[in-house]
Amino acid sequence: MTIGIDSIAFSTSKYFLSLETLAKHRDVSYEKYCLGIGQTKMAVFPPNEDIVTIAIDAARKALSSIEDKNAVDLLIFATESSFDLSKSAGIYVHKFLGLREDCRAFDLKQACYSAAAALRLAESYAANNPRSKVLIVGSDVIKYPPSASGEPTQGGAAIAFVVSQNPRILEIEPYAGVHTDDIMDFWRPAHLDNALFDGKLSAYNYLKSLDICLERYFKNSALKLSDIDCACFHSPFGKMARKANNQSFKYKSLDKTLIYSSIIGNSCSASLFICFLSLLDHAKDDLTGKRIGFFSYGSGSVAEFFSGVVRKGYKRELRAEENQKMLADRIEISFSEYEKLYSGEFRDFDKYQNIGSVKLSKIDNYRRIYENIGG
Ligand code: CAA
């Protein structure tokens, strides 16, 4: 029995800030951002977009190649930037996708690790339910305090993927190396919009966790380093993934995994899988049969290294041109516009465009009202 990723797509904001602009206004050399940190643009969200609208956009694309949408009977929404401590963001997605009423929908949280956690849980579900499809959405928007060292790594995006038996894109292997440890490296108290963090500790713990996870993965799988053909890493910023790659693997394919994230910014739960999509969309060689390593790191912290083997025919399921066009068609904003949007006080829901076909049209007495664009 094979289980894994059957369909995958992503989405992000229609708007971005160039880090050249940010560098100028923060009086920092742009080289620090583009070479030192490895980022050149960051997604910025207007009032009409949030983790739900981009999640619906990504999920609609991921489901477009699924013959029977009614096979989806479990929806897991992975996020660390939820706006509601009670109601699940997944319920809005469930409604706008028109999923069946007896499909479970709920949120899952553990910083940037949650979509990887959802994938691992979905594997057992798919094993026990041969006809079921599980829809996993990872959607996050991340903000740091203005002028904080993390500011150039802000961003946001959503990934959506379907997990099932006989997957068309990637077969997930059963082994893993996991490491959980109580660390205060990154956290967001419930009343705050932006994250608090200890940047140096987080980078240290990311790399330490990678070492530990790899040792456990190799022990559990009886595989060796040379059995892995390329790797994708959680990428809070490109340089972090580069350090991870240099520490353990030195894969040349790393650059291809970072093309999308370097112009989106940190997308937390979506990040690892956007790196995977970036690799699939940009790899010149046929990846069929290649074993790909995945390293997920969620501050706090839980980390996991696992692997998957690319399926024959995977290229038919890709939408590289559409993804590249979506990013090329984004609109650049000025620094003053960025400051206005960052503050969250500007609430004109009609002024900005949406990337997909659903918008947040108002917030009425704390109720978020979403609608399909054009009715
Ligand atoms: N030209 C080229 N390179 C330059 C440069 C210049 N003019 N100026 C500086 N650099 C280089 C530095 O040498 C340094 O390189 P190395 O890391 O290779 O030594 C790099 O740019 C960064 O410089 P600093 O260390 O001085 O940067 P900083 O302290 O201002 O910020 C950071 C770096 C601490 C990681 C910061 O981005 C941050 O706090 N980010 C948020 C936390 C984070 O993302 N942590 C990652 C692990 S946690 C995680 O993965 C979960 C998550 O998603 C948040």
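Our subject is the structure that appears above.
Figured I'd write up the structure that's included with this text.

Reading the values: rules and limits
- Residues numbered from 1 in each chain as written.
- Predicted model: local features only at pLDDT ≥ 70, side-chain atom pairs only at ≥ 80, totals over all residues.
- Heavy atoms only, no water.
- Pairing = 2+ DSSP bridges.
- Helix = DSSP H or I, 4+ residues; strand = E, 2+ residues; numbered from the N terminus.
- Axes fitted to C-alpha atoms, helices over the stretch in contact; angles between N-to-C directions.
- Contact = heavy atoms within 4.5 Å.
- Near = heavy atom within 4 Å.
- Polar contact = N/O pair within 3.5 Å; in protein donor to acceptor, adjacent residues only side chain to side chain.
- Areas by Shrake-Rupley, 256 points an atom, 1.4 Å probe, with all protein chains shown as cover.
- Nonpolar A, V, L, I, M, F, W, Y, C, P; charged D, E, K, R; others polar.
- Domains from an automatic or database assignment.

Here we look at the sheet that holds strand β4 (residues 72-78)
Part 1: As summarised here, the arrangement of the 9 strands in space is β5-β4-β6-β7-β1-β8-β13-β12-β11, forming an open sheet in which the pairing is mixed. For this open sheet the edge positions go to β5 (104-108) and β11 (230-233), each flanked by a neighbour on one side alone. Across the sheet, the mean angle separating the axes of adjacent strands is 25° when strand polarity is ignored.
Part 2: When β4 meets β5, the two strands line up parallel, connected through 5 bridges. Opposite L75, over in β5, you have A105 as the bridge partner.
Part 3: Most of the contacts of helix α3 (residues 51-63) go to strand β1 (residues 3-12), to which it runs at about 135°, and overall it touches β1, β4, β6 (133-142) and β7 (155-165).
Part 4: Along the sheet, helix α5 (residues 114-128) contacts β1, β4, β5, β6, β7, β8 (170-180), β12 (291-298) and β13 (302-310); its crossing angle with β8, the most-contacted strand, is approximately 125°.

Some details on the site of the ligand
Part 1: In the vicinity of the ligand lie 24 residues, with K32, K200, S202, K243 and N266 positioned nearest.
Part 2: Interatomic distance of 2.7 Å between a side-chain N/O atom of K32 and an oxygen atom of the ligand.
Part 3: One of the side-chain N or O atoms of K239 is found 2.8 Å from an oxygen atom in the ligand.
Part 4: For the ligand, whose unbound accessible area comes to 1,100 Å², protein coverage reaches 72%.
Part 5: Looking at the shell around the ligand, the elements that each hand over two or more residues are α2 (30-37), α6 (199-221) and α7 (238-248).
Part 6: Looking at the shell around the ligand element by element, the count peaks at 5 residues for α6.
Part 7: Of the residues that constitute the shell around the ligand, the class distribution is 9 nonpolar, 10 polar and 5 charged.
Part 8: Counting contributing residues, the shell around the ligand receives three or more from each of domain 1 (3-170 + 315-372) and domain 2 (172-314).

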